[in-house]
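# Observations on the model geometry
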Amino acid sequence: MSLVHFRSIFICCIICTAGGQNKITDQKQAQEALDEHTRMAQDFLYKGTEAAWTFNTNITDYNQRQMLEYSLTKYKYALEAAQNMSRFDTTNMAESIKREIRSIMKIGTAGQTDQTKLKRLSELEMEMNAIYSKAKVCFSATECLALEPGLTELFTTSRGYDRLLKGWVGWRDESGKKMKDLYSEFVTLSNEALAISGYSDTGEYWRSAYEMDDFEDEVKRLFDQLRPLYEHLHAYVRRELKAIYRADKFPSSGHIPAHLLGNIWAKEWSSLAKDIIPFKNKSSMDVTDEMVKQNYTATKIFHTTDDFFKSLGLIEMPPKFWEKSMLEKPTDGREVVCHASAWDFYNKEDFRIKMRTTITHKDLITAHHEMGHIEYMMLYKYQPVNFRVGANPGFHEAVGDVMSLSVQTPEHMHTLGLLKELKDDDETDINFLMNMALQKIAFLPFGYLIDQWRWSVFRGDTKPDDYTKHWWDLRCKYQGIYPPVERTPSDFDPGAIYHIPANVPYIRYFVSFVIQFQFHKAACEAAGNTRPLHRCDIYKNTDAGKALGDMLKLGSSKPWQDAMEQLTGQRSMSAKPLMEYFDPLLKFLQKENKNEVGWNAECPNISLGVAAIPSMFLIQFVIIMNQFCFSS
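Below: a short report on this structure. This is a predicted model, so every value here is computed, not measured.

Here is what the cut-offs are and how they apply
- Residues numbered from 1 in each chain as written.
- Predicted model: local features only at pLDDT ≥ 70, side-chain atom pairs only at ≥ 80, totals over all residues.
- Heavy atoms only, no water.
- Helix = DSSP H or I, 4+ residues; strand = E, 2+ residues; numbered from the N terminus.
- Rg over C-alpha atoms; globule rule 2.2 N^0.38 Å.
- Buried < 20%, exposed > 50% of the residue type's maximum accessible area, 1.4 Å probe, protein only.
- Contact = heavy atoms within 4.5 Å.
- Areas by Shrake-Rupley, 256 points an atom, 1.4 Å probe, with all protein chains shown as cover.
- Lys, Arg positive; Asp, Glu negative; His and termini not counted.
- Charge placed at Lys NZ, Arg CZ, Asp CG, Glu CD.
- Salt bridge = Lys/Arg side-chain N within 4 Å of Asp/Glu carboxyl O.
- Core = buried A, V, L, I, M, F, W, Y, C linked by side-chain atoms within 4.5 Å.
- Disulfide = S-S within 2.5 Å.

Before going further, it helps to examine the overall build of the chain. Helix and strand counts for the chain come out as 26 helices and six strands. The globule rule puts the C-alpha radius of gyration for 632 residues at 26 Å, and the 25 Å found for the chain is close to it. Across the 632 residues in the chain, those meeting the buried criterion constitute 58%. For the chain, contacts bridging at least 24 residues in sequence account for 80% of all contacts bridging at least 6. By element, 50% of the accessible surface of the chain is carried by carbon and sulfur atoms, the whole surface being about 25,400 Å². Taking the 75 positively charged and 83 negatively charged side chains of the chain as two groups, their mean positions are separated by 1 Å.

For the rest of this paragraph, the subject is the pattern of salt bridges. Counted under the stated rule, the structure contains 46 salt bridges. K553 is the salt-bridge partner of D550, the closest N and O atoms lying 4.0 Å from each other. Here the salt bridges share partners, and the residues they tie into one network are E411, D424, D429, R531 and R535.

Among the nonpolar cores identified, the biggest contains 180 residues, and W171, Y183, L233, W269, F395, I538 and F582 are the most heavily contacted of them. With sequence-adjacent residues up to four places away left out, L233 is seen in contact with W269, M434, A437, L438, I441, A442 and L589. I24, A30, A33 and A81 belong to the second-largest nonpolar core, a separate cluster that totals 11 residues.

This paragraph deals with the state of the cysteines. Taken as a whole and assessed by the stated rule, the structure comprises three disulfides. Each disulfide pairs two cysteine sulfurs, and for C138 the partner residue is C144, the sulfurs being separated by 1.9 Å. Disulfide C138-C144: the torsion about the S-S bond is 100°, which places it as right-handed. Accessibility expressed as a relative area gives 42% for C138, which makes it partly exposed. With relative accessibility at 38%, the residue C144 sits in the partly exposed group. Shown here is the disulfide that connects C476 with C603, its sulfur atoms set 1.9 Å apart. Judged by the torsion about the S-S bond (105°), the C476/C603 disulfide is right-handed. With C476 in helix 20 (residues 467-479) and C603 in the loop between helix 25 (583-593) and helix 26 (615-631), this residue pair connects regions lying 127 residues apart in the sequence. Residue C603 is classed as partly exposed on the basis of its relative accessible area of 28%. By sequence-ordered numbering of the bonded cysteines, the chain has its disulfides arranged as 1-2, 3-6, 4-5.

Below, the structure is given as structure tokens:
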């Protein structure tokens, strides 16, 4: 069935509400309309997801036009579906019907009736994605690195200050800087479209997914509870990095240069583990070398991941997953969107992962995260189509990470044969928790601040000329890091992070990093675990699997508080399980750091008095000056 034919059929189903026609109160008719919506939407979404997959795995102008055509049709479909459901008065209907109809009528930017503006909104998002995905940094005429695997590997493995600096600036010049005007236009059009649906701005629409009037206050409360743990980690890492790069590379303000944390965005610091673990005579818990030695492949990584889920009594990956997923970088030269992602094709049998897998400890964990998304999708696939999402956006991100909390334990790595010796002493324990903190705790302020920035932009409080300034104000304040060279109004550093051009809300990741520990604690209790929370491995425990699976089957059919309560017995997000998990490390850090904790709230003054100099010229100037200082 063509999309045009499909749309014609759907329009025929719409009953106009104009002219004072009475609304329908019959619950049976409402349920029939909802069932029909699911049948038709599944077919529509399958075709659209195929178009999106084709573009993401083969970036061409033709595939971009095909995806744009689908996007516009999707907007029309959503608007018509909402109009169809507006026929019903749900006052006296079952709560499940009310909830489903509300979900269908929540159409976001599809409420924009000006087709020219709607088309431009989709074009802008695709243009920004294309800029991001095609960006490369050239270090010489013969060496140009894309994000994956080149720049990622550089920041993971290199400790060369100047080379990292050039890669850091170059990535921002080639990605974010080229899309600043596009993003400003996107914000205006997105806000305008959502105003039609009754939202004050795009940020308010995003926050509505959490069904909490005080959501902003709630995430701030959680962050404030967790901040002392982050501050102690920051102080320890800062001291170790000073020993690697020389103390004179660090400002007296207490900040850390943003390019020295083993990640091009400084969002998590796990690649620093080997350099900064407290007890060098013990394992760093990074099993990359052993994976390479044992000839792991991308396929073996995902089969290992699939085995973990099967051991819990959860669903095995279906044949189409192995046939159609893109688990490695294509070898035919095509451009792809490199960001790892999980895909639901809405036909109950086609689920895929797109990922440029490398043979590393990090990607073994990423595989569990992405397959966690797939497991969630397969468990809620029998829900009505509008309920085939997470209970709230943070739930979906948390599921795979819950599994990784077990997978990364020394016990599980030993079971896999990737850790030769299983030691149970305090030093090994602290090294393990440091490794986990570099993933989990280092991320917390990053996960918190990105949407603080975007909400401010959407509200109009942060203007385009201040985009990058406000970005670094937040990063300096919350993360204690700062840009290693001056940033100017022409820069657009937020755009160097995938989720900004892709328009993906980010606070979900902060939420997930909190609630995954609540889920982990509940699963461990279901498994009868008696060990400390950070050493609990639920592998092969079907009681834990059932407790998780029963919650995941709900999708968003009930408020997230109900889903949370079903698994954990609690109806709110809590930082206590996370703090319990890392308590031994916090005590160790408090003793090590003494009073050397914290940083100034404001960014250090890095002005060189040459704001008009282009970034790559400026970076060469900085490098030359550094070399001069060394020779002095």
